[in-house]
Amino acid sequence: MKIVKTIEEMQRYSCEIRRSGKSIALVPTMGFLHEGHLSLIDEAHKNADIVIVSIFVNPTQFAPNEDLDSYPRDLEKDFKLCKERKVDIIFLPSVENIYPSDISTWVTEEKLSQGLCGTTRPTHFRGVTTIVTKLFNATLPDVAIFGKKDFQQAAIIQRMVRDLNFPIKIVTAAIVREEDGLAMSSRNKNLSCEERKQAPVIQQTLQEARSAIYADNEKCSVNIDLIKDNINLRISQSGGNVDYIEIVDPITLEPKLNFSGETLIAVAAYYGKTRLLDNIVCN
Ligand code: AMP
């Protein structure tokens, strides 16, 4: 397993790999890897000859009041896990290498980035689309793998790739969960013992919402506001603080008026200072 620390070196390697006729899959991460990330690596192996994992805690997707400084890191463990999972290259650039101090070019997606996480994190997705573009330009992948836990992010990347004609296939992978249902996340490490016990309620309420919708038996008469109120109440009672609960079309991310067709229920909630995301698709 090679560790590559600069864009220039990464581009050289990727050019060589492509010239040799091999395909490349990229798994972009911010490190502190868990089984969710590892499932993306497995998916990457199914899709290409060479697997590159990038590890970069991207400062431009954090607002000044957010948790950049407390974002968990453990590079040694990340290296070990990547090696076990037969990753070919870890791309580990520095902030200085990625962002020139006078950077003045950004990539922005202007529609799907507006709601959900974009409401309370208005600069977040500009940071995401810019870094993903830079990682694409550094690693030159044929395929890139994203998790559905960050559903809005995956939708925005798919839109960006379509709109800007990146010759890259985007593959999305299912959410990997802890045994009690909590979606795996590097940020779970920052939960206190008590918060960790409370947080699985997010997933439980989403499951309950889906059961209520399915029990309705295609009549589409379940009230959207009632579902949102119930999720809100259950999360608040468990000790959480809801940032948003949105019920939207999974492609356009536009709010839905009823549960006909595919529907995404997406939640962001704080337990203590830790912001957690989860979602469920109802069909
Ligand atoms: P992060 O390191 O949190 O920025 O995540 C890197 C990638 O891993 C993103 O595409 C995430 O959606 C994905 N990911 C994070 N957690 C999970 C999970 N529990 N299941 C599946 N994918 C995940």
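The structure under discussion appears in the preceding block.
Owing to the predicted nature of the structure, the values given are computational and were not obtained by experimental measurement.

Here's the deal with the layout of surface pockets
Estimated volume of the largest pocket: approximately 340 Å³. Along its surface, the largest pocket is lined by 15 residues, and Asn-65, Glu-66, Asp-67, Tyr-270 and Lys-273 are the ones closest to its centre. The residue inventory of the lining of the largest pocket, partitioned by class, reads three nonpolar, five polar and seven charged. By volume, the second largest pocket amounts to about 260 Å³. Lining the second largest pocket are Leu-112, Lys-148, Phe-151, Ala-154, Ala-155, Gln-158, Arg-159, Thr-172, Pro-250, Ile-251, Glu-262 and Val-281. Broken down by element, the lining of the second largest pocket gets its largest block of residues, five residues, from helix 7 (residues 151-163).

Observations regarding the nonpolar core
Grouped together as the largest cluster of nonpolar side chains are 43 residues, with contacts concentrated most on Phe-136 and Ile-157. Contact partners of Ile-157, with chain neighbours within four places excluded, come to Val-128, Val-132, Phe-136, Phe-146 and Ile-170. Among the nonpolar cores identified, the runner-up in size contains 23 residues, and Leu-182, Ile-235, Phe-259 and Val-267 belong to it.

Digging into the sheet that holds strand 3 (residues 50-55)
The parallel open sheet is built from six strands, whose spatial order is 1-4-3-2-5-6. Strands at the two margins of the open sheet, each flanked by one partner only, are strand 1 (2-4) and strand 6 (169-173). Shown here is a sheet whose adjacent strand axes are inclined to one another by a mean of 25°, direction ignored. Note that strand 2 (residues 24-29) and strand 5 (residues 143-147) share two bridges and pair parallel. Paired with Leu-26 across the strands is Ala-144, a residue of strand 5. Against the sheet, helix 3 (residues 75-84) contacts strand 1, strand 3 and strand 4 (89-91), and its axis sits at roughly 170° relative to strand 3.

Reading the values: rules and limits
- In this numbering scheme, every chain counts its residues from 1 along its sequence in written order.
- Since the coordinates come from a predicted model, pLDDT governs what is reported: local features require at least 70, and pairs of side-chain atoms require 80 or more to be given and counted, while whole-chain, interface and lining totals use all residues.
- Computation of side-chain values covers all heavy atoms of the structure but excludes hydrogens and water.
- Grid points spaced at 1 Å over the protein atoms alone were grouped into cavities, where a 1.4 Å probe fits but cannot get out, and pockets, open sets with protein on both sides within 12 Å along at least five of seven lines, with lining residues defined by an atom within 4 Å of a point.
- Grid points are joined across faces, edges and corners, and a volume is the space filled by probe spheres set on the points.
- Charged means Asp, Glu, Lys or Arg here, nonpolar means Ala, Val, Leu, Ile, Met, Phe, Trp, Tyr, Cys or Pro, and polar covers whatever is left, Gly included.
- We count a stretch as a helix when DSSP gives it H or I for four or more residues in a row; a strand needs E for two or more, and each element gets its number in order from the N terminus.
- Among buried residues, those of type Ala, Val, Leu, Ile, Met, Phe, Trp, Tyr and Cys that are joined through side-chain atoms within 4.5 Å constitute a nonpolar core.
- Three labels apply to residues, based on accessible area from a 1.4 Å probe with only protein chains included: buried if under 20% of the type maximum, exposed if over 50%, partly exposed otherwise in between.
- In what follows, residue pairs with any heavy atoms lying within 4.5 Å of each other are defined as contacts.
- Note on pairing: two strands pair once DSSP finds at least 2 bridges between them.
- Note on method: axes are straight lines fitted to C-alpha atoms, helices fitted across the in-contact stretch only, with angles between N-to-C directions ranging 0 to 180 degrees.

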